[in-house]
Amino acid sequence: MAAGSQITRVLSGMRPTGRLHLGHLHGVLKNWIELQHSYECLFFVADWHALTTHYDEPEIIEENVWDMVIDWLACGVNPGSAKLFIQSRVPEHAELHLLLSMITPLGWLERVPTYKDQQEQLRERDLATYGFLGYPLLQSADILVYKAAYVPVGEDQVAHVELTREVARRFNHLYGREPGFEEKAERAIAKMGKKNARLYRELRRQYQEQGDEKALEVARALLESQQNISIGDRERLYGYLEGAGRIILPEPQALLTKAARMPGLDGQKMSKSYGNTIALREDPGEVEKKLRTMPTDPARVRRTDPGDPEKCPVWRWHQIYSDEATRQWVQQGCTTAGIGCLDCKRPLIEAVLAELKPIRERAREYEEDPAAVRAIINEGTEAARDIARDTMDEVRKAMGLAYR
Ligand code: TRP
Ligand code: SF4
């Protein structure tokens, strides 16, 4: 648990790129759906982030936003457990982004690997903008405004969570030093009683002198269990543990998606820009056609030629969709030319169609009831704003902006 946050909160966002595909389902959404049972989850549509690269196409954003939310819901993201909202409806993200921009060295942003990579990949767009440079800092604000402990992301986003940690550390360092901090912390320690105070000091020493992470964890658990100290004192003691001041913005951790990366129809990563996707709401006839025509081991020209599953994208799909018995049947049948490629694809086609059917049906229900989708988002946005407002009150106070 991150220091200072009472509930373990998970936050993630997705840019509104339109209808989602199997790559999103297996790479992201299944993970969200699992997390929503165990944590307080916030999932949002990063529409401002979409504008950082597609600022000249405002007309596509709205449709993409609703299509994406419908896909989330259709896959089983549950608004009863997770809060779903839209970034631009919570202006606190923008205010925190602005305030964090005051303390963020330019070099930190220029060095984020996605900055140069994306500029090169999207050469046809002019991304020499202020907003694009600030992309990862806006993401930091997204995360910190909710004091999220965990951020489920793909590998490409880990650097952004890393930046977020550095920005949080700098913020706490600059603004977590209230006057008389050490004296207040010492007085708070005394309130825990002799035995616990001694234990806290010992653990703090172990962490500060030897970097003992275990000691840090135990000390945090000790603080959590204290009944006699106020919330303010507890926060102070979390901060005092690490030697800094009070922790106002806790550092989040990336939660790497462990799900298998979904290969596209051609075996490359599934991505709209490669044209190798199956959309979640794709027509069943189209799904079948795409799978029937997907490439196989190129060396297997005739039905009588044996094949090598390791060289075949279809095999990678079996690893996601098929049980052990089916996989053995594939291995055996392919390498001995006992089965044809169409036979091999049959169980996959069935599995994908069966997976997509309930999703397509639920999506249709939401398509037919846009008011329900809006109500879900309204409710999620209100709940998110309540948290974000509280954080901003603290942030403004810490930065000397609390005058009225
Ligand atoms: N940059 C993320 C992506 O492209 C989307 C995103 C924006 C995000 N803000 C976030 C993800 C905050 C996690 C947390 O996938
Ligand atoms: Fe690929 Fe299956 Fe054909 Fe072998 S039999 S080449 S695994 S599709």
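Remember, it's a predicted structure, so these values are computed and weren't measured experimentally.

Criteria and thresholds
Sequence order as written defines residue numbering, which begins from 1 separately in each chain. For naming, the first written chain is A and the first written ligand is 1, with later ones following in the order written. Only residues with pLDDT of at least 70 get local features here, since the model is predicted, and only at 80 or more are side-chain atom pairs given and counted; chain-wide, interface and lining totals rely on the full set of residues. Here the side-chain values reflect all heavy atoms present in the structure, with hydrogen atoms and water set aside. By the criteria applied, helices consist of DSSP H or I runs no shorter than four residues and strands consist of E runs no shorter than two, each listed in order from the N terminus. Only protein chains enter the accessibility calculation, which uses a 1.4 Å probe; a residue is then buried when its area is under 20% of its type maximum, exposed when over 50%, and partly exposed in between. Residue contacts are defined here by distance: any two heavy atoms, one from each residue, within 4.5 Å place the two residues in contact. For the purpose of charge, His is not counted, nor are the chain termini; Lys and Arg are scored as positive and Asp and Glu as negative. The atoms used to mark charge sites are NZ of Lys, CZ of Arg, CG of Asp and CD of Glu. Any residue with a non-hydrogen atom lying within 4 Å of a molecule or strand is treated as near it. For this analysis, a polar contact is any N or O atom pair within 3.5 Å, provided that within protein one partner can donate a hydrogen and the other can accept it, and provided that sequence-adjacent residues contribute only side-chain to side-chain pairs. Ten residue types, Ala, Val, Leu, Ile, Met, Phe, Trp, Tyr, Cys and Pro, are classed as nonpolar, four, Asp, Glu, Lys and Arg, as charged, and the remainder, Gly among them, as polar. Domain delimitation in this document rests on an assignment produced automatically or drawn from a domain database. The term buried area denotes the loss of accessible surface (1.4 Å probe radius) that occurs when two parts are joined, taken as the sum for both partners. Definition used for salt bridges: Asp or Glu carboxyl oxygen within 4 Å of a side-chain nitrogen of Lys or Arg. By nonpolar core is meant a set of buried Ala, Val, Leu, Ile, Met, Phe, Trp, Tyr and Cys residues that side-chain atoms within 4.5 Å join together. Within this scheme a cavity is a closed region of a 1 Å grid, computed over the protein atoms alone, that accommodates a 1.4 Å probe without allowing it to escape, whereas a pocket is open but has protein on both sides within 12 Å along at least five of seven lines; lining residues each have an atom within 4 Å of a point. Occupancy of a cavity or pocket is assigned to a molecule whenever over half of its atoms lie within 2 Å of that pocket's grid points. Grid points are joined across faces, edges and corners, and a volume is the space filled by probe spheres set on the points. A helix's residues, less one, multiplied by 1.5 Å, set its expected span. Consider a residue and the seven residues that end there alongside the seven that start there; fitting an axis to each set, the bend is the angle between those axes. Pairing of aromatic rings covers Phe, Tyr and the six-membered ring of Trp, with a centre-to-centre limit of 6.5 Å; geometry is then stacked below 30 degrees between planes, edge-to-face above 60, and tilted otherwise. Whether a charge sits over a ring depends on NZ of Lys or CZ of Arg being within 6 Å of the ring centre and within 35 degrees of the ring normal.

Visitor: Would you explain the overall build of the protein in this entry?
Guide: Each helix and strand counted, the protein has 18 helices and 5 strands in total. Evaluated residue by residue, the protein yields a buried proportion of 49% over its 404 residues. Sequence-distant contacts in the protein: of pairs separated by 6 or more residues, those separated by 24 or more amount to 77%. Here the protein contributes 55 positive and 61 negative side-chain charges, whose respective centroids are spaced 4 Å apart.

Visitor: Would you mind going over the site of ligand 1 with me for this structure?
Guide: Neighbouring ligand 1 are 14 residues; Arg 15, Tyr 135, Gln 139, Asp 142 and Gln 157 lie closest to it. At a separation of 2.7 Å, a nitrogen atom of ligand 1 approaches a polar side-chain atom of Asp 142. Where the shell around ligand 1 is concerned, the elements lending two or more residues are strand E1 (9–14), helix H8 (135–144) and strand E4 (150–153). Grouping the amino acids of the shell around ligand 1 by side-chain chemistry returns 7 nonpolar, 5 polar and 2 charged.

Visitor: In this structure, what is going on with the domain arrangement of the protein? I would like to understand it.
Guide: Many authors give the size of an interface as the accessible area that is lost as the parts come together. Domain annotation for the protein reports domain 1 (9–176 + 250–261 + 370–398), domain 2 (181–241) and domain 3 (281–366). Opposite the 15 residues of domain 1 that make contact, domain 3 presents 12 residues. In this assembly, domain 1 packs against domain 3 so that about 1,200 Å² is buried in total across both faces, 60% of it on carbon and sulfur atoms. Its largest share of buried area at the contact with domain 3, domain 1 owes to Leu 22, Ile 70 and Ala 74, together 39% of the area lost on that side. Along the contact surface separating domain 1 from domain 3 lie 3 salt bridges. In this structure, Arg 281 and Asp 71 form a salt bridge, with 2.9 Å as the shortest nitrogen-oxygen distance. The interface formed by domain 1 and domain 3 contains 5 residue pairs in polar contact (both at pLDDT 80 or more). Residue assignment for the side of domain 1 that touches domain 3 shows that the elements contributing at least two residues are helix H1 (22–38), helix H3 (58–75) and helix H18 (370–398). Considering every element that reaches the side of domain 1 that touches domain 3, the biggest residue donor is H3, with 6 residues. Of the residues that constitute the side of domain 1 that touches domain 3, the class distribution is 9 nonpolar, 1 polar and 5 charged.

Visitor: I keep staring at the nonpolar core and nothing clicks. Help me out?
Guide: Proteins that are soluble and globular tend to have nonpolar side chains buried together. Counting 54 residues, the largest nonpolar core has Leu 22, Leu 29, Trp 72, Leu 84, Leu 291 and Trp 317 as its most contacted members. Of all the elements, H3 adds the most residues to this core, at 10 residues. Three or more residues apiece are contributed to this core by two domains, here domain 1 (9–176 + 250–261 + 370–398) and domain 3 (281–366). Excluding its chain neighbours within four sequence positions, the residues that come into contact with Trp 72 are Met 14, Leu 20, Leu 29, Trp 32, Phe 43, Phe 44, Val 45, Val 77 and Leu 84. In this structure, Leu 11, Val 112, Val 151 and Ile 387 belong to the second largest nonpolar core, which totals 40 residues.

Visitor: Any chance you could explain the pattern of salt bridges here in plain terms?
Guide: As a working rule, side chains carrying opposite charge can pair if their charged atoms are close by. All told, the structure shown has 30 salt bridges when counted by the stated rule. In this structure, Arg 396 and Glu 95 form a salt bridge, with 2.8 Å as the shortest nitrogen-oxygen distance. With Arg 396 in helix H18 and Glu 95 in helix H4 (residues 92–103), the pair connects residues that are 301 residues apart, well separated along the chain. By relative accessible area, Arg 396 is classed as buried at 18%. Two residues, Arg 396 and Asp 393, come together in a salt bridge whose shortest N-O distance is 3.1 Å. Residue Arg 396 and its partner Asp 393 are both found in helix H18; the two are separated by 3 residues, about one turn of the helix. Asp 393 sits in the partly exposed class, given a relative accessible area of 41%. One network of salt bridges, in which partners are shared, links Arg 19, Asp 67, Asp 71, Arg 281 and Glu 367.

Visitor: Looking at this structure, I do not really get unusual backbone geometry. What am I missing?
Guide: Note on backbone geometry: most residues besides glycine have negative phi, and most peptide bonds are trans. Even without being glycine, Lys 147 reaches a positive phi, approximately 50°. Positioned with a positive phi, Ala 337 is a non-glycine residue whose angle comes to about 60°. For Ala 337, the location among the structural elements is in the loop between helix H16 (324–335) and helix H17 (341–367).

Visitor: Sorry, what's going on with the site of ligand 2 here?
Guide: Taken together, Thr 296, Asp 297, Arg 300, Cys 312, Val 314, Val 330, Cys 334, Cys 341 and Cys 344 make up all the residues around ligand 2. The cavity where ligand 2 resides is the largest cavity. In terms of residue class, the shell around ligand 2 is made up of 6 nonpolar, 1 polar and 2 charged.

Visitor: Just to check I follow, could you spell out the side chain of Glu 355 for this structure?
Guide: Looking at the secondary structure, you find Glu 355 in helix H17. Of note is the side chain of Glu 355, whose polar atom sits 3.1 Å from the side chain of His 26. In this structure, Glu 355 is in contact with Leu 22, Leu 25, His 26, Lys 30 and Tyr 321, ignoring residues within four places of it in sequence.

Visitor: In this structure, what is going on with empty space enclosed by the protein? I would like to understand it.
Guide: Summary: where empty space remains is shown by rolling a probe the size of a single water molecule over the atoms. Per the counting criterion, the structure on display carries 1 cavity of 30 Å³ or more. Reported here for the largest cavity is a volume of approximately 90 Å³. Every residue lining the largest cavity is listed: Thr 296, Asp 297, Arg 300, Pro 309, Cys 312, Val 314, Trp 315, Val 330, Cys 334, Cys 341, Cys 344 and Lys 345. Of the residues contributing to the lining of the largest cavity, the split by class is 8 nonpolar, 1 polar and 3 charged.

Visitor: I tried to follow H17 on my own but got confused; where do I start?
Guide: Think of an α-helix as 3.6 residues a turn; residues three or four steps apart then line up on the same face. Here H17 spans 37 Å end to end across 27 residues, near enough to the 39 Å set by a 1.5 Å rise per residue. Of all the bends in H17, the largest measures some 25° and sits at Leu 356, one to four residues before the proline Pro 358. Tucked inside the fold, the buried residues of H17 contact H1, H3, helix H14 (284–292), helix H15 (313–321) and H16.

Visitor: Sorry, what's going on with the packing of aromatic side chains here?
Guide: Applying the stated criterion to the full structure yields 10 aromatic pairs. Note on Phe 181 and Tyr 240: the rings are 6.0 Å apart at their centroids and 70° apart in plane angle, and the pair reads as edge-to-face. Taken together, the residues span a long stretch of sequence, with Phe 181 in helix H10 (residues 181–190) and Tyr 240 in helix H13 (residues 231–241) at a distance of 59 residues. Its relative accessible area of 8% is what places Phe 181 among the buried residues. On the basis of relative accessibility, which here comes to 5%, the residue Tyr 240 falls in the buried class. The structure contains a cluster of three or more aromatic residues connected by ring pairs, namely Trp 32, Phe 43 and Trp 72. Its guanidinium or amino end placed over the ring of Tyr 240, Arg 204 lies 3.6 Å from that ring's centre, counting from NZ or CZ.

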